[in-house]
Amino acid sequence: MISLVVHGGAWDIPDSLLAAHRAGVQGALQVGWSVLKRGGSAIDAVESAVAAMEDNETFDAGKGSFINAVGEVELDASIMDGRTLRAGAVAAVQNVRNPITLARKIMEESEHVLLVGMGATRFAKEHKVPTCSPDFLVTARELERWRDIQSAARFSTVDAFRHGRLPSDTVGAVALDRSGSIASATSTGGTPNKYPGRVGDSPLIGCGTYADNETGGVSATGWGESIIKVVLAKRVIDLMEVNGGDPDAA
Ligand code: GLY
């Protein structure tokens, strides 16, 4: 059996962007599914599915991400291989088109799990992960949204979410390959108008992402500050262990 789940969008997706979100997640499913169908690994499937959504400006991941309080995009991502429990992650990177690919490189070619900011960009350059100018990640749609937030003085992300005014479109994927291996990946631009340097759940192993061949895989979406408090991804895995592997019950 092979299996692939992807997500792209939470909270209030504006009606005008609904079709683009549907097409984006379906496109990502096709990309990842073709990897699994030809016998590829779960880790290849989740990386390619998430990279497809990072490349799609619809989502809050890669180009098109939310803009922070000082007008910049900062990206977070993580990936985990359920065969080995090895993981890689990046936080607050500004010069990388596909942070999920950089996270995988860190998992496979460094002795670390999480690199942030300038160190992550340096690692990308050293390992030939494509970089870009910070401006490349900023789109006109998000600039308009950001100006609207700033002019309305809705400076608090919490207030903005409470009023249901903003979407949150973190992306992610979980795959099971033919060999029975599970992998998970998550990528995000974080929350709109976030404080510079703010890191959410997505790059934190055990919060936004977890994979263990013995149990299952998780990729979270939603409000990072709440997800971090309950270590959501690992908590779901732990509950699956005591619920006979049932993800719905967990
Ligand atoms: N769940 C994404 C974030 O809060 O950054």
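The text that follows walks through the structure, step by step, so that each part is easy to find. (Residues numbered from 1 in each chain as written. Predicted model: local features only at pLDDT ≥ 70, side-chain atom pairs only at ≥ 80, totals over all residues. Heavy atoms only, no water.)

So, the overall build of the protein
Next, step 1: Across its full length, the protein carries eight helices and eight strands.
Next, step 2: By principal-axis analysis of the C-alpha atoms, the protein measures approximately 50 × 40 × 30 Å.
Next, step 3: The buried share among the 250 residues of the protein stands at 54%.
Next, step 4: Put simply, 68% of the contacts in the protein that link residues at least 6 apart link residues at least 24 apart. (Helix = DSSP H or I, 4+ residues; strand = E, 2+ residues; numbered from the N terminus. Buried < 20%, exposed > 50% of the residue type's maximum accessible area, 1.4 Å probe, protein only. Contact = heavy atoms within 4.5 Å.)

Quick notes on the site of the ligand
Next, step 1: In the neighbourhood of the ligand, the contacting residues comprise Thr-170, Thr-188, Gly-190, Thr-191, Arg-198, Gly-200, Asp-201, Ser-202, Gly-222, Trp-223 and Gly-224.
Next, step 2: Here an oxygen atom of the ligand and a side-chain polar atom of Arg-198 are 2.6 Å apart.
Next, step 3: Here Gly-222 contributes a backbone N or O atom positioned 2.7 Å from a nitrogen atom of the ligand.
Next, step 4: Within the complex, the protein chains bury 100% of what would otherwise be the 200 Å² of accessible surface of the ligand.
Next, step 5: Here the shell around the ligand is composed, by residue class, of one nonpolar, eight polar and two charged. (Near = heavy atom within 4 Å. Polar contact = N/O pair within 3.5 Å; in protein donor to acceptor, adjacent residues only side chain to side chain. Areas by Shrake-Rupley, 256 points an atom, 1.4 Å probe, with all protein chains shown as cover. Nonpolar A, V, L, I, M, F, W, Y, C, P; charged D, E, K, R; others polar.)

A short note on the packing of aromatic side chains
Geometry of an aromatic ring pair is reported as the spacing of the ring centres plus the angle between the planes.
Next, step 1: For the structure shown, the criterion picks out zero aromatic pairs.
Next, step 2: Seen from the ring of Phe-136, Lys-63 lies directly overhead, with NZ or CZ sitting 4.3 Å from the centre.
Next, step 3: The ring of Tyr-210 has Lys-234 sitting right over it, with the charged end atom 5.6 Å from the ring centre. (Phe/Tyr/Trp six-rings, centres within 6.5 Å; stacked < 30°, edge-to-face > 60°. Lys NZ or Arg CZ within 6 Å of the ring centre and 35° of its normal.)

Looking at the nonpolar core
Next, step 1: Among the nonpolar cores identified, the biggest contains 42 residues, and Ile-79 and Leu-102 are the most heavily contacted of them.
Next, step 2: Examining the composition of this core, we find that eight residues originate from one element, helix H2 (residues 42–55), more than from any other.
Next, step 3: For Leu-102, the contacting residues outside a window of four places in its chain are Val-90, Val-93, Val-96, Ala-120, Phe-123, Ala-124 and Val-129.
Next, step 4: Ranked by size, the runner-up nonpolar core spans 12 residues in total, among them Met-80, Tyr-210, Ala-233 and Met-240. (Core = buried A, V, L, I, M, F, W, Y, C linked by side-chain atoms within 4.5 Å.)

Quick look at the environment of Phe-66
Next, step 1: Tracing the sequence through the fold places Phe-66 in the loop between H2 and strand E2 (75–81).
Next, step 2: Judged by its relative accessible area of 2%, Phe-66 falls in the buried class.
Next, step 3: Measuring from C-alpha to C-alpha, the distance between Phe-66 and Pro-14 comes to 14 Å, with 52 residues separating the pair along the chain.

Quick word on the pattern of salt bridges
Next, step 1: Counted under the stated rule, the structure contains 10 salt bridges.
Next, step 2: Note that Lys-105 is salt-bridged to Glu-109, the shortest N-O span being 3.5 Å. Here Glu-109 and Lys-105 lie together in helix H3 (residues 99–109), a separation of four residues that amounts to about one turn.
Next, step 3: Between Glu-126 and Arg-122 there is a salt bridge whose closest N-O contact spans 3.3 Å. Here Glu-126 pairs with Arg-122, and both are found in helix H4 (residues 117–126), just four residues apart, close to one helical turn.
Next, step 4: A relative accessible area of 47% means that Glu-126 is categorised as partly exposed.
Next, step 5: Here the salt bridges do not stand alone but share partners, grouping Asp-44, Glu-47, Arg-104 and Glu-108 into one network. (Salt bridge = Lys/Arg side-chain N within 4 Å of Asp/Glu carboxyl O.)

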